[in-house]
Amino acid sequence: MTEQPRAVLGRILNDLGSTLIEVVAGEADPARTVTGVLIQDPLDEPARLATVLEGGTHAPQAAVRLGLSAQPACVLALAVTGEQYDPDRVAAGHRVAEALALHLAAIHPRTAAASLGQVTHAVLPTISDEQGLRVAEAFLGRIGGRVPAVIGVGRLAARPVELRRSRADADRALRVLGSGRTRRRAARLADVYAASLLEELTDRMAAEDDLPDGPVIRLPAYDAEHNTALTETLDAWLSTFGDVAAAAAAVHIHPNTFRYRLKRLALVADIYLDDPEARFEAMLQLRLRPPHS
């Protein structure tokens, strides 16, 4: 049976009255529903942007209110690297977030930016993620090295409902940029995809207490006990595709000394370096170590 309009109106007013009381008391949900209508603080852009980026039922309405529904866009994720709770890092994060918002507003009037936790997310209307990357690089170029900021760029979202996926891409790229696995300061997920997979594989292994074992993993312990540099030797050799002269130069030793170390590590680790599968496994295990370890 269809509900009478008077009853519907009464229920809406009742819900709205409760919401206004919560707002005055400071207890309102910034994105609650009143009988199917999204109620938000009109000045609460961070809440609206969070609603858009998280997706869900109210994301399209929030996108309309932010003016983000009429053109394709991509998400930028900005963070300052360093110790998470360092006061200087936090203060620098606030300053660079404000600078990014101003920079993007000068490029397009329909941008939206807000700091959500330690990361600042921004939606940039654009024609491609490549253009979004250029914007990110230009911004980082302008602030220079004064602030150790990095920016992940998400894929192009043709519709607001796709911005959630763009944010996920940007966050994954951002994590790689802050991990030390690359020297880049801005990147799309496609630019650092392999490194992103390594980060996620490392997380899964740690969560399941499934830490790798084997000769390559034990090499660092051998080096520490015997004051050798076999791990560094193996990494240099693999990174230069077996070019002994280049690998020796990379670790600043004579090629003959490098050849001796290479033979030594093959015996210690029991690795057959002529086997492509053994080389791949060794390289993967080395890359699963935390950067700079």
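Residues numbered from 1 in each chain as written. Predicted model: local features only at pLDDT ≥ 70, side-chain atom pairs only at ≥ 80, totals over all residues. Heavy atoms only, no water.

## Considerations on the layout of surface pockets
In plain terms, the rule: Method remark: on a 1 Å grid restricted to protein atoms, a set of points is classed as a cavity if a 1.4 Å probe fits but cannot get out and as a pocket if it is open with protein on both sides within 12 Å along at least five of seven lines; lining residues have an atom within 4 Å of a point. Grid points are joined across faces, edges and corners, and a volume is the space filled by probe spheres set on the points. The numbering of helices and of strands both runs from the N terminus, where a helix is a DSSP run of H or I of at least 4 residues and a strand a run of E of at least 2. Put simply, Ala, Val, Leu, Ile, Met, Phe, Trp, Tyr, Cys and Pro go in the nonpolar bin, Asp, Glu, Lys and Arg in the charged bin, and everything else, Gly too, in the polar bin.
One number sums up the size of the second largest pocket: a volume of about 230 Å³. The wall of the second largest pocket is formed by Ala79, Val80, Thr81, Gly82, Arg89, Gln118, Val119, Val150, Asp171, Leu174, Arg175 and Gly178. Elements supplying a minimum of two residues to the lining of the second largest pocket: β3 (73–80) and α6 (163–177). Element by element, the count of residues in the lining of the second largest pocket is highest for α6, at three residues. Across the lining of the second largest pocket, the residue classes tally to five nonpolar, four polar and three charged.

## Some thoughts on the pairing of strand β5 (residues 119–125)
Threshold: Whether a residue is buried, partly exposed or exposed follows from its accessible area with a 1.4 Å probe, protein chains only, as a fraction of its type maximum: under 20%, in between, or over 50%, in that order. What makes two strands pair is DSSP finding at least two bridges between them.
Counted residue by residue, β5 has seven buried out of seven residues, so it is predominantly covered. In β5, alternate side chains face the same way, and those of Val119, His121, Val123 and Pro125 on one face and Thr120, Ala122 and Leu124 on the other are all buried. Direction of pairing for strand β4 (residues 112–116) relative to β5: antiparallel, over a ladder of five bridges. Looking across to β5, one finds that Ala113 is bridged to Ala122. Following β4, the chain reverses through two residues before pairing antiparallel with β5; Gly117 in that reversal takes a positive phi of roughly 75 degrees.

## Quick notes on the sheet that holds strand β7 (residues 186–188)
Test applied: Angles run from 0 to 180 degrees between N-to-C directions of axes, and those axes are lines fitted to C-alpha atoms, restricted for helices to the stretch in contact. The contact definition used throughout considers only heavy atoms, calling two residues in contact when any of these lie within 4.5 Å.
Overall, mixed pairing links the five strands, which are arranged β4-β5-β3-β6-β7 in an open sheet. Of all strands in the sheet, those with a lone pairing partner are β4 and β7, marking the two edges. On average, adjacent strands in this sheet sit at an angle of 20 degrees to one another, irrespective of strand direction. Bridge count between β3 and β5: six bridges; the pairing is antiparallel. If you follow Ala73 over to β5, its bridge partner there is Pro125. Lying over the sheet, helix α2 (residues 45–54) contacts β3, β4 and β5, oriented at roughly 90 degrees with respect to β4. Across the sheet, helix α5 (residues 129–143) lies against β3, β5, β6 (149–153) and β7, angled at about 175 degrees from β6, the strand it touches most.

## Notes on the packing of α2 against helix α3 (residues 59–66)
In plain terms, the rule: When an angle is under 35 degrees it counts as roughly parallel; over 145 it counts as roughly antiparallel; between 65 and 115 it counts as roughly perpendicular; any other value is oblique. What makes a crossing left-handed is the near helix being turned counterclockwise from the far one by less than a right angle; a clockwise turn instead makes it right-handed.
Remark: α2 packs on α3, axes separated minimally by 8 Å, with the N-to-C direction vectors making an angle of 135 degrees. Taken together, the axis directions place α2 and α3 in an arrangement best described as oblique. In this structure, α2 meets α3 at a crossing whose hand is left-handed. Contacts from Glu45, Arg48, Leu49, Thr51 and Val52 of α2 reach α3 at Ala59, Ala62, Ala63, Arg65 and Leu66.

## Digging into the packing of helix α8 (residues 215–226) against helix α9 (residues 230–239)
The geometry of α8 relative to α9 is characterised by a closest axis approach of 8 Å and an angle of 135 degrees between their N-to-C directions. When the axes of α8 and α9 are compared, the pair comes out oblique. Together, Val216, Leu219, Pro220, Tyr222 and Asp223 of α8 and Leu230, Thr231 and Leu234 of α9 make up the contact between the two elements. Residue classes in the contact of α8 with α9 are distributed as six nonpolar, one polar and one charged.

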